[in-house]
Amino acid sequence: MANELALTILMGVLLLAIGLWLTRIEDWRSYSPLGSGATGYGEGSREATAEKPAGVLRWLTTVDHKDIGILYGIFGVISFAWGGIAVILMRTELATAAQDVLSATMYNAFLTSHGITMLFLFGTPILAAFGNYFIPLLIGADDMAFPRINAIAFWLLPPGALLIWGGFFLEPFLSGVGPAETSWTMYTPLSLGEGAGALGGSGVDLMLLGLHLTGVSATMGAINFIATIFTERGEDVSWANLDIFSWTMLTQSGLILFSFPLLGSALIMLLLDRNFGTLFFAAEGGGALLWQHLFWFFGHPEVYILVLPPMGLVSLILPKFAGRKLFGFKYVVYSTLAIGVLSFGVWAHHMFSTGIDPRLRASFMAVSLAIAIPSAVKTFNWITTMWNGKLRLTTPMLFSIGFVQNFIIGGVTGVFLAAVPVDLVLHDTYYVVGHFHFIVFGAIGFAVFAGIYYWFPMVTGRMYQRRLGVWHFWLSIIGSNVVFLSMVVLGYLGHPRRYSSYDFASVAPVDLYTIFHQLATVGAFIMLFGQLIWLWNMFQSWREGPHIDSADPWNLEEHGQVTNEWEWFAAQRDDSVALADGGEDAEN
Amino acid sequence: MASTLFTRDTFFDLLVNIVPIVIGLFFVALYTVMDPWGGSTLGRAIQYGLILIPLVALTILTYAAAKRIELEE
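**Digging into the overall build of chain A**
Alright, step 1. For chain A, the helix and strand inventory stands at 18 helices and 0 strands.
Alright, step 2. Here chain A has a C-alpha radius of gyration of 24 Å; the compact-globule value for 588 residues is 25 Å, and the two agree.
Alright, step 3. For chain A, the spread of C-alpha atoms along the three principal axes comes to 75 × 75 × 45 Å.
Alright, step 4. For chain A, the residues scored as buried account for 59% of the 588 residues in total.
Alright, step 5. For chain A, long-range pairs separated by at least 24 residues make up 80% of all intrachain contacts whose partners lie at least 6 apart in sequence.

**Structural notes on the interface of chain A and chain B**
Alright, step 1. Of the residues lining the interface, 30 residues belong to chain A; the matching set on chain B comes to 33 residues.
Alright, step 2. Taking both sides of the interface into account, the surface hidden between chain A and chain B amounts to around 2800 Å²; carbon and sulfur atoms contribute 75%.
Alright, step 3. For the chain A face of the interface with chain B, the top three residues by lost area are A:Lys330, A:Tyr334 and A:Arg359, together amounting to 28%.
Alright, step 4. Linking chain A to chain B there are 2 salt bridges.
Alright, step 5. Across the pair A:Lys330 and B:Glu70 runs a salt bridge, and its minimum N-O distance is 3.2 Å.
Alright, step 6. Where chain A touches chain B, the interface holds 8 residue pairs in polar contact (both at pLDDT 80 or more).
Alright, step 7. If you list the elements that add at least two residues to the side of chain A that touches chain B, you get helix 10 (329-342) and helix 11 (358-386) of chain A.
Alright, step 8. For the side of chain A that touches chain B, the leading source of residues is helix 11 of chain A, giving 14 residues.
Alright, step 9. Residue composition of the side of chain A that touches chain B, grouped by class: 24 nonpolar, 4 polar and 2 charged.

**Overview of the nonpolar core**
Alright, step 1. Ranked by size, the top nonpolar core spans 188 residues in total, and within it A:Phe120, A:Phe134, A:Trp247, A:Phe403 and A:Trp455 carry the most contacts.
Alright, step 2. If near-sequence neighbours (up to four positions away) are discounted, A:Trp247 is found in contact with A:Trp239, A:Leu242, A:Phe329, A:Val333, A:Thr336, A:Leu337 and B:Ile69.

**Let's talk about the packing of aromatic side chains**
Residues and elements named next belong to chain A.
Alright, step 1. Under the definition given, this model contains 59 aromatic pairs over all chains.
Alright, step 2. When the ring of Tyr-133 is compared with that of Phe-134, the centres are 4.7 Å apart and the planes differ by 45°; the resulting orientation is tilted.
Alright, step 3. Judged by centre distance (4.8 Å) and plane angle (65°), the rings of Tyr-453 and Tyr-464 are edge-to-face. Remark: Tyr-464 occurs in the loop between helix 14 (430-460) and helix 15 (466-492) and Tyr-453 occurs in helix 14; sequence separation between them is 11 residues.

**Considering the confidence of the model for chain B**
Alright, step 1. Of all residues in chain B, 95% attain a pLDDT of 70 or more, and the chain-wide mean is 89.
Alright, step 2. In the predicted complex, the global pTM is 0.90; the interface-specific ipTM is 0.93.

**Remarks on the side chain of B:Thr10**
Alright, step 1. Considering the arrangement of structural elements, one finds B:Thr10 in helix 1 (residues 8-33).
Alright, step 2. Taking the relative accessible area as the measure of exposure, B:Thr10 reaches 3% and is therefore buried.

**A closer look at the packing of helix 4 (residues 104-139) of chain A against helix 6 (residues 157-170) of chain A**
Residues and elements named next belong to chain A.
Alright, step 1. Contact geometry of helix 4 with helix 6 gives a least axis separation of 10 Å together with a crossing angle of 170°. With respect to helix 6, the axis of helix 4 lies roughly antiparallel. Between helix 4 and helix 6, the residues in contact are Met-106, Ala-109, Phe-110, Ser-113, Ile-116, Thr-117, Leu-121 and Pro-125 and Leu-157, Ala-161, Ile-164, Trp-165 and Phe-168, respectively.
Alright, step 2. Its residues assigned to classes, the contact of helix 4 with helix 6 shows 11 nonpolar, 2 polar and no charged.

**As for unusual backbone geometry**
Residue and element names in this part refer to chain A.
Alright, step 1. Each neighbour pair has its own omega, and for Thr-188 with Pro-189 the value is 0°, a cis peptide bond.
Alright, step 2. Take Pro-189: it is sitting in the loop between helix 6 and helix 7 (202-231).
Alright, step 3. You will see that Ser-183, though not glycine, has its phi angle at about 70°, which is positive.
Alright, step 4. Backbone geometry places Arg-498, a non-glycine residue, at a positive phi of 70°.

**Looking at a negative patch on the surface**
Alright, step 1. Negative charge collects at one region of the surface, where A:Glu235, A:Asp236, A:Glu557 and A:Glu567 lie side by side.
Alright, step 2. Mapped onto the elements, A:Asp236 comes out in the loop between helix 7 and helix 8 (244-276).

**A few points about the pattern of salt bridges**
Alright, step 1. Scanning the entire structure with this criterion turns up 8 salt bridges over all chains.
Alright, step 2. Between A:Arg58 and A:Asp67 there is a salt bridge, with its nearest N and O atoms 2.7 Å apart.
Alright, step 3. A salt bridge links A:Asp64 to A:Lys66, with the nearest nitrogen and oxygen atoms 3.5 Å apart. For the pair A:Asp64 and A:Lys66, one class covers both residues: buried.
Alright, step 4. Overlapping salt bridges, with partners in common, bring together A:Lys330, B:Asp13 and B:Glu70 in one network.

Rules of the game
- Residues numbered from 1 in each chain as written.
- Chains lettered and ligands numbered in written order.
- Predicted model: local features only at pLDDT ≥ 70, side-chain atom pairs only at ≥ 80, totals over all residues.
- Heavy atoms only, no water.
- Helix = DSSP H or I, 4+ residues; strand = E, 2+ residues; numbered from the N terminus.
- Rg over C-alpha atoms; globule rule 2.2 N^0.38 Å.
- Buried < 20%, exposed > 50% of the residue type's maximum accessible area, 1.4 Å probe, protein only.
- Contact = heavy atoms within 4.5 Å.
- Buried area = accessible area lost by both parts, 1.4 Å probe.
- Salt bridge = Lys/Arg side-chain N within 4 Å of Asp/Glu carboxyl O.
- Polar contact = N/O pair within 3.5 Å; in protein donor to acceptor, adjacent residues only side chain to side chain.
- Nonpolar A, V, L, I, M, F, W, Y, C, P; charged D, E, K, R; others polar.
- Core = buried A, V, L, I, M, F, W, Y, C linked by side-chain atoms within 4.5 Å.
- Phe/Tyr/Trp six-rings, centres within 6.5 Å; stacked < 30°, edge-to-face > 60°.
- pLDDT = per-residue confidence, 0-100.
- Axes fitted to C-alpha atoms, helices over the stretch in contact; angles between N-to-C directions.
- Parallel < 35°, antiparallel > 145°, perpendicular 65-115°, else oblique.
- Patch = residues over 30% accessible without salt bridge, like charges linked within 9 Å, V, L, I, M, F, W, Y side chains within 5 Å.
- Areas by Shrake-Rupley, 256 points an atom, 1.4 Å probe, with all protein chains shown as cover.
- Lys, Arg positive; Asp, Glu negative; His and termini not counted.
- Charge placed at Lys NZ, Arg CZ, Asp CG, Glu CD.

In structure tokens form, the structure reads like this:
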């Protein structure tokens, strides 16, 4: 006992010493804000500014919306890598029908982690990255309405992620703890720990707690965005000329506000059922379907939480390289609001095959079909914006066009699923997986990349390598379509989802399944290669890319498309040139 | 700046939200005429409520947003 205590104290002292040492390193990729002399984050200034401490302490204590945006972005990229590695391992396993690379339990664990990570730890945070960095700039605010809450919201995420992934880390050391195998839907009774196998044991509890933290984080962030957009707009920014990205973030924040607390409550109920003998989701209590209703009442708005801001990004970026203003701006705004409201009325279309009352099923079908309209309208807006425009096929534009293409396929495959008779045939097949991946990676992922490339010069003061950007685009669009179209076909062939092996020759065309699975695996590796190129491009260009020679790297002024954030950037650079020797960089 | 929301231009701006409302109402009418399932009044009430509540919410939000956007221009 005394030994353990001494070890604990020693460990504490050691960690404290490391922490103090880290705060002493001043050249921690620290940067001076643009207005204080340097030209961006990558400059490695050795001096702290008057406002911010140097070293890692500066990143741990920052309440600057731009810094927090960058922290969200880096966190999102780490999560993207985790989720990506998980799926590469899964796709490797699926290259053959037999179980030969991963165990079934490890496959299930990766499947769960891939879904949860990509949705909660990559999707929502990476959008918060854009929101934090650019919304105050777009609406002419000094910062977010509640800068400290902003920082707290971000700092809840890393512990949340550690808890969600905790089962993987703890499995080698503790018995009864392993990665959760519940799938991201966490359906009861599976997630109650019933049935064969431990299914993650306490790892599931850790994951539920981690999800709860990320939910609190998202809710705090949402309140901040709502307050910022309502109260911090500049004098020249009215509701009528509020930019489209802010509209979509505002709507998204409204959705988060109404849906994430419900997820939090449901998670607590599940934790109580698992650990304290309550019967919320037990057969003798509320029943397993209660979980599905609560989960999808959150889960379907979550889909729009993830897709609305990317729609805003594309609506903002695409016109810049089409040489025209967004066609039907108001249509996009109103349809965003329509999607926001209607998204709360469609949750049970995920439950058509549960034996739900057919009258209720019919109602959910009606609203699900109705919500297709505002989504489709946006597609026509984007196409019409490009029609007869002077297109400049820069990397952000390529990704925006890729977004539209993938969104059309993802959307059309989704409309069919909204129809009860079709859904009953395709439910729980790979068709559904193909459909939603066209949206979550094909659309959301592509819009995120469009945003990253578009604002890369502003954030870093440097330009990325264009040729690598184009490679990244083509590998991503080809890879994603090969994977997801293969999945759609597998669904038509009746292949059930969530299987780690598919050697069921007596009941299904395994040879045919194998061909399409192998196609999908090849596509996944093509995508992986593309993302590695992107990572290298970002890393290398941030450190060594050529400095941009003006505050308008996209020639927006020439096309009459300058928006507030670029005006802010130009003003910062002007100040920077006037105030310090660092102006040399800006001029060359 | 328009002095009223009920103009031809505003109507066309809002068409994108009016169409889903019309689709919802179409299904309400359809399920009223064709009711292959029968059943209790409560079941029917929930059936209609699930369509009508989102539509009412959409109408209110569209009106509130239009008032801010159209009249501020």
